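# Residue-level structure breakdown
In case you want the letters, here they are:
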Amino acid sequence: MREAPGSASPHSTATDSARLESAVPGSAATGSAVPEPGVPDSPAGERRRDAGATRRRLLDAARDLFAERGYEGATVREIAERAGANQALLFRYFGSKQGLLTEVVAQGGLEQLRATPPEELFETALRSMLTNSASGTADRSLEVYLRSIGRGDEATGTLRELGEQYQSALAALSGAKDGALRADLAMAWLLGIGLMRTVVAREPLASADPDTVCRMVVDTLDHLWSTPDSETP
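Scope of this entry: the structure provided in the associated data block. No experiment lies behind these values; they were computed from the predicted model shown. Position numbers for residues start from 1 in each chain and track the written sequence from start to end. Local features in this predicted model are restricted to residues of pLDDT 70 or higher, and side-chain atom pairs are both shown and tallied only at a pLDDT of 80 or more, whereas totals for entire chains, interfaces and linings draw on every residue. The side-chain figures draw on all heavy atoms in the structure; neither hydrogens nor water molecules are used.

### Digging into the overall build of the protein chain
Labels follow the DSSP assignment, with helices taken as runs of H or I lasting at least four residues and strands as runs of E lasting at least two, numbered in each case from the N terminus. Secondary structure assignment for the protein chain yields 10 helices and zero strands. From first element to last, N terminus to C terminus, the protein chain shows the α and β order α-α-α-α-α-α-α-α-α-α. Working definition: with a 1.4 Å probe on protein chains only, accessible area under 20% of the residue-type maximum means buried, over 50% means exposed, and in between means partly exposed. Looking at the protein chain as a whole, 46% of its 233 residues qualify as buried. Throughout, a contact is declared for two residues whenever any of their heavy atoms are within 4.5 Å. The long-range fraction of contacts in the protein chain, counting pairs at least 24 apart against all pairs at least 6 apart in sequence, stands at 68%. Roughly 11,100 Å² of accessible area belongs to the protein chain as shown, and the carbon and sulfur atoms make up 52% of that amount. The Shrake-Rupley method, run with a 1.4 Å probe sphere, supplies the accessible areas, and residue values consider only the shown protein chains as cover.

What follows is the structure, given as structure tokens:
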């Protein structure tokens with residue numbers, strides 16, 4: 001779906017994966033040092049700070065709108081308006097709506113994957129979905145995934161990469177031969193909880209205490225990672 005003239009066309013899954021890897025915070029791909037057009041003459045450092053602040057506002061606005069409406073449902077115009085910026089800046093900094101999604105996912109879900117030990121990943125992701133379902137929070141990647149995956153080819157490659165990396169990290173928790181299947185079951189439960197709580201808003205789960213839900217789910221999930229001696233490779 002094209003949001004404005006000149007936006008980039010959808011990329012392949014391989015290209016998405018490369019961009020996901022290059023868009024993590026601190027990489028050259030973020031382009032935070034690009035000065036904003038139209039800023040009056042001022043010291044270079046001041047112009048860089050202005051550009052960086054605008055990029056952050058655009059990322060925050062995109063993260064929240066993608067989480068609330070899904071990738072297809074959030075328009076470039078709405079993202080720019082919420083960020084208090086113009087669409088030209090969005091395309092200048094991110095190239096396209098898809099490029100913006102790539103960086104939102106990189107700074108959220110993939111950064112969480114890199115920073116979290118595998119044995120803590122499920123609970124961290126679960127707690128994130130239970131408590132971060134309000135605008136202004138740092139990581140809403142799984143909400144974006146829930147509302148966007150399978151609803152548009154343009155976003156599918158980027159989001160599939162996120163799901164595959166979660167699955168790979170969780171599969172390493174079990175020594176069983178069917179570790180990948182166990183990881184998929186864990187992911188299905190995680191996303192199902194997110195669907196019921198944040199998308200369907202079904203009670204009593206929608207308003208349940210996050211600590212209570214985490215305790216009940218994680219205690220039960222421990223059995224999934226346990227491997228009987230007879231199944232050890």
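More follows now that the structure is in view.
### A short note on unusual backbone geometry
Of the consecutive residues Glu 203 and Pro 204, the connecting peptide bond is found in the cis state with omega at 10°. By secondary structure assignment, the location of Pro 204 is in the loop between α9 (179–199) and α10 (210–225). Non-glycine residue Ala 201 carries a positive phi angle of around 55°. Mapping Ala 201 onto the fold places it in the loop between α9 and α10.

### With respect to the packing of helix α3 (residues 76–83) against helix α4 (residues 87–94)
When two helices pack together, you describe them by how their axes are tilted relative to each other and by the distance separating the axes. Put simply, α3 and α4 touch, their axes get as near as 9 Å, and they point 100° apart. It follows from the interaxial angle that α3 and α4 lie roughly perpendicular. For the pair α3 and α4, the contacting residues are Val 76, Arg 77, Ile 79 and Ala 80 in the first and Gln 87, Leu 90 and Phe 91 in the second. For this scheme, ten residues count as nonpolar: Ala, Val, Leu, Ile, Met, Phe, Trp, Tyr, Cys and Pro. Four count as charged, namely Asp, Glu, Lys and Arg, and the remainder, Gly too, count as polar. Looking at side-chain class alone, the contact of α3 with α4 contains five nonpolar, one polar and one charged residues. Axis geometry follows a simple rule: fit a line to the C-alpha atoms, using only the stretch in contact for helices, then measure angles between N-to-C directions, giving values from 0 to 180 degrees. Should an angle fall under 35 degrees it is called roughly parallel, over 145 degrees roughly antiparallel, and 65 to 115 degrees roughly perpendicular, with every other angle called oblique.

### Focus on empty space enclosed by the protein
Leftover empty space is mapped by rolling, across the atoms, a probe with the size of a water molecule. Residues are called lining when one of their atoms sits within 4 Å of a cavity or pocket point, these points coming from a 1 Å grid over the protein atoms alone, where a cavity is a set in which a 1.4 Å probe fits but cannot get out and a pocket is an open set with protein on both sides within 12 Å along at least five of seven lines. Grid points are joined across faces, edges and corners, and a volume is the space filled by probe spheres set on the points. Counted under the stated rule, the structure contains one cavity of 30 Å³ or more. Taken as a whole, the largest cavity encloses approximately 50 Å³ of empty space. Along its surface, the largest cavity is lined by Gln 112, Ala 125, Ser 128, Met 129, Asp 139, Arg 140, Ser 141, Leu 142, Glu 143 and Tyr 166. Contributions of two or more residues to the lining of the largest cavity are made by α6 (118–131) and α7 (141–148). When its residues are assigned to classes, the lining of the largest cavity shows four nonpolar, three polar and three charged.

### Digging into the packing of aromatic side chains
Pairs were defined over the aromatic rings of Phe, Tyr and Trp, the Trp ring being its six-membered one, requiring ring centres within 6.5 Å. Orientation was assigned from the angle between planes: stacked under 30 degrees, edge-to-face over 60, tilted for the rest. Using the criterion set out here, one finds two aromatic pairs in the structure. Measuring from ring centre to ring centre gives 5.4 Å for Phe 66 and Tyr 71, while their planes differ by 45°; the resulting arrangement is tilted. Judged by relative accessible area, Phe 66 falls into the buried class, the value being 0%. Given the relative accessible area of 1%, Tyr 71 is considered buried. When the centroid spacing of 6.5 Å and the interplanar angle of 85° are considered together, the rings of Tyr 93 and Phe 94 count as edge-to-face. Phe 94 carries the same exposure label as Tyr 93, and that label is buried. The residue whose ring lies beneath Lys 97 is Tyr 71, and the NZ or CZ to ring-centre distance is 4.4 Å. To sit over a ring, a charge needs its Lys NZ or Arg CZ within 6 Å of the ring centre and within 35 degrees of the ring normal.

### Details of the packing of α9 against α10
It is the contact of α9 with α10, at a shortest axis distance of 11 Å, that shows an interaxial angle of 165°. By the angle class used here, α9 and α10 are roughly antiparallel. Between α9 and α10 lies a crossing whose hand is right-handed. Across the interface between the two elements, Arg 182, Ala 183, Leu 185, Ala 186, Trp 189, Ile 193 and Arg 197 from α9 touch Pro 210, Val 217, Thr 220, Leu 221, Leu 224 and Trp 225 from α10. Note on convention: near helix rotated counterclockwise from far helix by under a right angle means a left-handed crossing. Clockwise means right-handed.

### Brief notes about a nonpolar patch on the surface
Within the patch definition used here, like charges are joined within 9 Å and nonpolar side chains (Val, Leu, Ile, Met, Phe, Trp, Tyr) within 5 Å, considering only residues with over 30% relative accessible area and no salt bridge. Salt bridge criterion: a side-chain nitrogen from Lys or Arg within 4 Å of a carboxyl oxygen from Asp or Glu. A grouping of Leu 195, Val 199 and Val 200 is seen on the molecular surface, where their side chains present a nonpolar patch of about 210 Å² in accessible area. Note that Leu 195 resides in helix α9. On the basis of relative accessibility, which here comes to 36%, the residue Leu 195 falls in the partly exposed class.

### Description of the pattern of salt bridges
According to the stated counting rule, one finds 11 salt bridges in the structure shown. With a closest N to O distance of 3.3 Å, Arg 82 and Glu 68 form a salt bridge. With Arg 82 in helix α3 and Glu 68 in helix α2 (residues 44–69), the pair connects residues that are 14 residues apart, well separated along the chain. Owing to a relative accessible area of 30%, Glu 68 belongs among the partly exposed residues under this scheme. With its nearest N and O atoms 3.2 Å apart, the salt bridge here joins Glu 143 to Arg 140. Assessed through its relative accessible area of 3%, Glu 143 is described here as buried. With relative accessibility at 5%, the residue Arg 140 sits in the buried group. Each of the salt bridges in this network shares a partner with another, and the network as a whole consists of Asp 60, Arg 63, Asp 64, Glu 68, Arg 82, Arg 140 and Glu 143.

Shape is all these values report; function is a separate question.
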